[in-house]
Amino acid sequence: MLEKYHDEMLSCTACAFCKKSYYVYKFAQKESDYPKGKVMVCYGLFSKEIEEDMDVVKILQKCTLCRRCEKDCPSMIKISDIIWAGRYDLKNLLPEHEKMLQNFEKYNNIFGEKNYEKEGSEITFFMGCLVSKEMKDVVISLFDKLGIDVTVIGGCCGYPIEKIGRRVKIKLIEKEMDKLIFSCPNGMLAFKEFKPMHISQFILSLNVNFLKNNKNYIYHDSSFLGRYLGIYDEPREIIKRIGNLVEFEENREMARQCGGEIEFKIAFPQEAGEMAEYLAREAKKKDAIIVTTSPHCYSHLKEYGDVVDLLQLVEENIK
Ligand code: SF4
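A quick note: this is a predicted structure, and the numbers were derived from the prediction, not measured. (Residues numbered from 1 in each chain as written. Predicted model: local features only at pLDDT ≥ 70, side-chain atom pairs only at ≥ 80, totals over all residues. Heavy atoms only, no water.)

So, the sheet that holds strand S5 (residues 216-219)
Definition in use: By this definition, two strands are paired if DSSP reports at least two bridges between them. Under the DSSP-based scheme used, a helix requires at least four consecutive residues in state H or I and a strand at least two consecutive residues in state E, with every element numbered from the N terminus. Here an axis means a line fitted to C-alpha atoms, over the contact stretch when the element is a helix, while the angle between two N-to-C directions is reported on a 0 to 180 degree scale.
Strand order in the open sheet formed by four strands is S6-S5-S7-S8, and the pairing between neighbours is parallel. Bordering the open sheet on either side are strand S6 (244-247) and strand S8 (307-309), each of which pairs with just one other strand. For this sheet, the mean inter-axis angle between neighbouring strands, taken without regard to orientation, is 40°. Here strand S7 (residues 289-292) runs beside S8; their pairing, made up of three bridges, is parallel.

Observations regarding the nonpolar core
Put simply, the test is: For our purposes a nonpolar core is just a set of buried Ala, Val, Leu, Ile, Met, Phe, Trp, Tyr and Cys residues, chained together by side-chain atoms within 4.5 Å. Residue burial is assigned from relative accessible area. The probe radius is 1.4 Å, only protein chains are included, and a residue is buried under 20% of its type maximum, exposed over 50%, and partly exposed in between. Contact between two residues is taken to exist if any of their heavy atoms lie within 4.5 Å; hydrogens are not considered.
Formed by 96 residues in total, the largest nonpolar core has its most connected members in Phe125, Phe143, Leu146, Ile199, Phe202 and Ile203. No other element matches helix H6 (residues 128-146), which puts seven residues into this core. Setting aside residues up to four positions removed in sequence, isoleucine 199 forms contacts with Phe125, Leu142, Phe143, Ile181, Phe182, Ser183 and Leu311. Membership of the second largest hydrophobic core comes to 12 residues, among which are Met100, Phe104, Cys156 and Val168.

What about helix H15 (residues 310-317)?
Helical periodicity: at 3.6 residues per turn, an α-helix aligns residues three or four positions apart in one direction. To keep it simple, the criterion reads: Any N or O atom pair separated by 3.5 Å or less is treated as a polar contact, with the protein-specific requirement of one donor-capable and one acceptor-capable atom, and with residues adjacent in sequence counted only for side-chain atom pairs.
Summarising burial for H15: seven of the eight residues are buried, a large majority. Taken together, the buried positions of H15 are Leu310, Leu311, Gln312, Leu313, Val314, Glu315 and Asn317. The opening residue of H15 is aspartate 309, an N-cap whose side-chain oxygen sits 3.0 Å from the backbone nitrogen of leucine 311.

Describing the pairing of S7
Under the convention used in this document: The handedness rule is simple: strands pointing away from the viewer, and a clockwise path from the first strand over the helix to the second, make the crossover right-handed.
Side-chain alternation along S7 places Ile289 and Val291 on one buried face and Ile290 and Thr292 on a second face that is also buried. Bridge analysis of S5 against S7 gives three bridges, and the strand direction is parallel. Each residue of the ladder has a partner; that of tyrosine 219, found in S7, is valine 291. Each parallel crossover has a hand, and the one from S7 via helix H14 (residues 295-301) to S8 is right-handed.

Notes on helix H5 (residues 95-107)
Formally: Helix span, as expected, comes to 1.5 Å for every residue beyond the first. Working definition: the arc comes from the directions between the helix axis and the C-beta atoms, pointing outward to the latter.
With 13 residues, H5 extends 18 Å from end C-alpha to end C-alpha; this agrees with the ideal 18 Å at 1.5 Å per step. Listing the buried residues of H5 in full gives His97, Met100, Leu101, Asn103 and Phe104. Along the axis of H5, the buried positions cluster into a sector of 160°, meaning they face one direction only. Exposed residues pointing more than 90 degrees away from the buried face of H5 are listed as Pro95, Glu105 and Lys106. A positive phi of about 55° marks asparagine 108, the residue just after H5.

Description of the packing of helix H2 (residues 35-47) against helix H4 (residues 79-89)
Let me state the cut-off plainly: In this scheme, roughly parallel covers angles under 35 degrees and roughly antiparallel covers those over 145, while 65 to 115 is roughly perpendicular and the rest are oblique. The hand of a helix crossing depends on one turn: near helix anticlockwise from the far one by less than a right angle means left-handed, and clockwise means right-handed.
Their axes nearest at 10 Å, the elements H2 and H4 cross at an angle of 45°. Judged on the interaxial angle alone, H4 and H2 are oblique. In this structure, H2 crosses over H4, and the sense of that crossing is left-handed. In this structure, H2 uses Pro35, Lys38, Val39 and Cys42 to contact H4, whose residues at the interface are Ile79, Ile82, Ile83 and Gly86.

Next up, the structure:
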């Protein structure tokens, strides 16, 4: 895979601008903690100047693939794609990722948990592993309040497995679907060919009336919903209809990662914690509740601050 990025890797001028957003974290101390160092390790693997060992595996996996550093790169290098390609070329996985892969292969669920499914109309909601773990009941109640007999598809979309560098055969959904709705951006990316809709887009399309309150809500752009899928406005529009929308200093395409992508968090909890604390501090200073739109962000950030997922916010405030 790295062969494909040969020219891209050589375009790195080693200017180190991509280190900029890392200076606030204590964990970033070694050159290989920064994007620049990871690009160099990838080139070393490709040119066979470096051999794979578990330190190399750790270096390439210690990245959320969030694409934030690319916003600072003057050479516009696709840093995340290079690191991701490097992962596909690795023979070994970290033990935490081995476990995730085993669960996926055995249970079609990265946590080894039971998947929830439900037959209903042609409006279909893809539950996935993390939404099921965190807010299955919220989803059921939300569609009940909307008066929609929703079909629920369970199981893992396979995207977190792809992100650790293992190929997944995405199962085709053999079912007539009017709409395929996701709360998880990972699932949307895995099922791109089905024209997925994010829950925020679906809710706005229904013209729902909300109860209004006076609370401050600070919106956390998920890297995968934002930088990968380009969805920035719809969640903000819903928040504005319910309470006061507050912004992080770095938002939209410049938003910071919270560290919650599950494959990153389980392997690097300390680094993931530092990233979440940074955002939680700013939210607290602005006296605002963090709103997430990805179950990865929600399940992580809720350990560090006052957090509500958009699913919950909508479910609690439908008039
Ligand atoms: S900012 Fe871009 S060109 Fe500069 S070191 Fe990082 S990856 Fe290389």
